[in-house]
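Below are the chains, spelled out letter by letter.
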Number of protein chains: 2
Amino acid sequence: MTDGIAGGTAAAPIAVAVLVVLFSVEDGALGVHLLPAGAGRWRLPGRRLAAEEDLEEAAAEVLAEVFGAEATHLEQLYTFGAAGRGDGVREVAVAYFALAPVGSAPARPGRRFAVDGLPPLAGDHAEVVALAVERLRAKIHYSTLGLRFLPRPFTLRELQEVFEAVLGEPLDKRNFRKRMLAIGCIEDTGRRVRQGNHRPARLYRARHGDRVEIVR
Amino acid sequence: MTDGIAGGTAAAPIAVAVLVVLFSVEDGALGVHLLPAGAGRWRLPGRRLAAEEDLEEAAAEVLAEVFGAEATHLEQLYTFGAAGRGDGVREVAVAYFALAPVGSAPARPGRRFAVDGLPPLAGDHAEVVALAVERLRAKIHYSTLGLRFLPRPFTLRELQEVFEAVLGEPLDKRNFRKRMLAIGCIEDTGRRVRQGNHRPARLYRARHGDRVEIVR
């Protein structure tokens, strides 16, 4: 297969890396998963791409290494390619983000940090995390991405807690419920669940739980 | 600077390329700019990244080579990294898209093709164009991206023509105008223009013409 790119007879000495921002919602806060990078710093899970690998496959593999096969929604975020990147060898990094379902086991190795309490990060990883948070927060408004944190049936209260954690701000309960029901992306399972002393709450599920749709 | 990526002591033999999808709106149709790739095939403008270059700078340079400095809104689209990419040397391509202002001079060298009448394209470039069109069409609904085709003052009719060309479908005039005025992203310049036998039409401009905002 030829791709018709002219010029550049030899590959420039550039390495390609994949990075994965794994988001989770825990204790009402949005978190990301980090690995120790030495000297008190932390880094995103990631590694160099091998010549015979698909980018997507490499990202999925990195994700599986720290989290098993439970993450939902691996999505390409952005490619970071400032000339100063990399340690010795010039490196272009293709960043992805993924969502850990609410209540799933913590990722390992490494640790979860709330996005508003990150430790010092290696290289430009703080920039990568910041962009991922921005994308997630924007996209939760105009798509069904937020539902992917809840692959199992959920109450509207649980859904609101996820949205509040992602957005980092409280939402009006009545408006939130009205909107969620109006956009038609969730459906009543017909089941109810009792939580504490509250009346039994309806359980909903995403209408198309396996994909993310744009909502207008 | 270290970025903390473990493993991969040497750079894998992977080349990094930039590709640019330059969109234009002409004669009521959305078009993209292509270069001849030989054997009756066409390709997107692009080239290999040099080791000391920023990705963004390389994309801007590719764009300037075919279009001068007039394009608005160069935005990273997606990075294509299937293992089979490239001709001999494995190649990862970082694709960008840009907008040519309505009425600007045609890009050169190369030719403009309507997106619904593309010639055979080299490699995976048809896939790149398809994703760029999808992104543009989605984003025009929830952002002020469409206004970037009109950096000069415009009538609501001209604006609707751009939206119709991008979306490839006619829009209801009354609803379109109502929405454009309601979201508050355009402002009346106080000037009017006479077009043909119509009453003089108000001239508007983007309120924040130099940036793209998300509209809810």
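Residues numbered from 1 in each chain as written. Chains lettered and ligands numbered in written order. Predicted model: local features only at pLDDT ≥ 70, side-chain atom pairs only at ≥ 80, totals over all residues. Heavy atoms only, no water.

The name that an unreviewed UniProt entry assigns to chain A is 8-oxo-dGTP diphosphatase, with the source organism given as Inmirania thermothiophila.

K.L.:
Is there a simple way to think about the packing of helix H3 (residues 156-167) of chain B against helix H4 (residues 173-182) of chain B in this case?
P.N.:
If you want to describe how two helices pack, look at the angle between their axes and the distance between the axes. Residues and elements named next belong to chain B. Put simply, H3 and H4 touch, their axes get as near as 11 Å, and they point 105 degrees apart. Here H4 runs roughly perpendicular to H3, going by the angle between their axes. Where H3 approaches H4, its residues Leu 156, Arg 157, Leu 159, Gln 160 and Phe 163 are matched on the opposing element by Lys 173, Phe 176, Arg 177, Met 180 and Leu 181. Grouping the constituent residues of the contact of H3 with H4 by class yields 6 nonpolar, 1 polar and 3 charged. (Axes fitted to C-alpha atoms, helices over the stretch in contact; angles between N-to-C directions. Helix = DSSP H or I, 4+ residues; strand = E, 2+ residues; numbered from the N terminus. Parallel < 35°, antiparallel > 145°, perpendicular 65-115°, else oblique. Contact = heavy atoms within 4.5 Å. Nonpolar A, V, L, I, M, F, W, Y, C, P; charged D, E, K, R; others polar.)

K.L.:
So what exactly am I meant to see when it comes to the packing of aromatic side chains here?
P.N.:
Within a pair of aromatic rings, the relevant descriptors are the distance that separates the centres and the angle that separates the planes. Enumeration according to the criterion identifies 9 aromatic pairs over all chains in this entry. Measuring from centroid to centroid gives 4.8 Å for A:Trp42 and A:Phe113, while their planes differ by 70 degrees, and the two rings are edge-to-face. Taken together, the residues span a long stretch of sequence, with A:Trp42 in strand E3 (residues 41-43) and A:Phe113 in strand E7 (residues 111-114) at a distance of 71 residues. Exposure remark for A:Trp42: the relative accessible area of 16% places this residue in the buried category. Judged by centre distance (5.1 Å) and plane angle (65 degrees), the rings of B:Phe163 and B:Phe176 are edge-to-face. One end of the pair, B:Phe163, is in helix H3; the other, B:Phe176, is in helix H4, with 13 residues separating them in the sequence. For B:Phe176, a relative accessible area of 6% translates into the label buried. (Phe/Tyr/Trp six-rings, centres within 6.5 Å; stacked < 30°, edge-to-face > 60°. Buried < 20%, exposed > 50% of the residue type's maximum accessible area, 1.4 Å probe, protein only.)

K.L.:
I'm lost on the pattern of salt bridges in this one. Help?
P.N.:
Working definition: two side chains of opposite charge can pair if their charged atoms are close together. Counting across every chain of the model gives 28 salt bridges over all chains. The residue B:Glu53 makes a salt bridge to B:Arg47 at a minimum N-O spacing of 2.8 Å. By relative accessible area, B:Glu53 is classed as buried at 12%. Overall, B:Arg47 belongs to the buried group, its relative accessible area being 18%. For B:Glu75, the salt bridge is made with B:Lys139, and the minimal N-O distance between the two is 2.7 Å. One end of the pair, B:Glu75, is in strand E5 (residues 72-80); the other, B:Lys139, is in helix H2 (residues 125-142), with 64 residues separating them in the sequence. Taken as a pair, B:Glu75 and B:Lys139 share a single burial class, namely buried. In this structure, a network of salt bridges that share partners links the residues A:Arg48, A:Arg85, A:Glu91 and A:Asp124. (Salt bridge = Lys/Arg side-chain N within 4 Å of Asp/Glu carboxyl O.)

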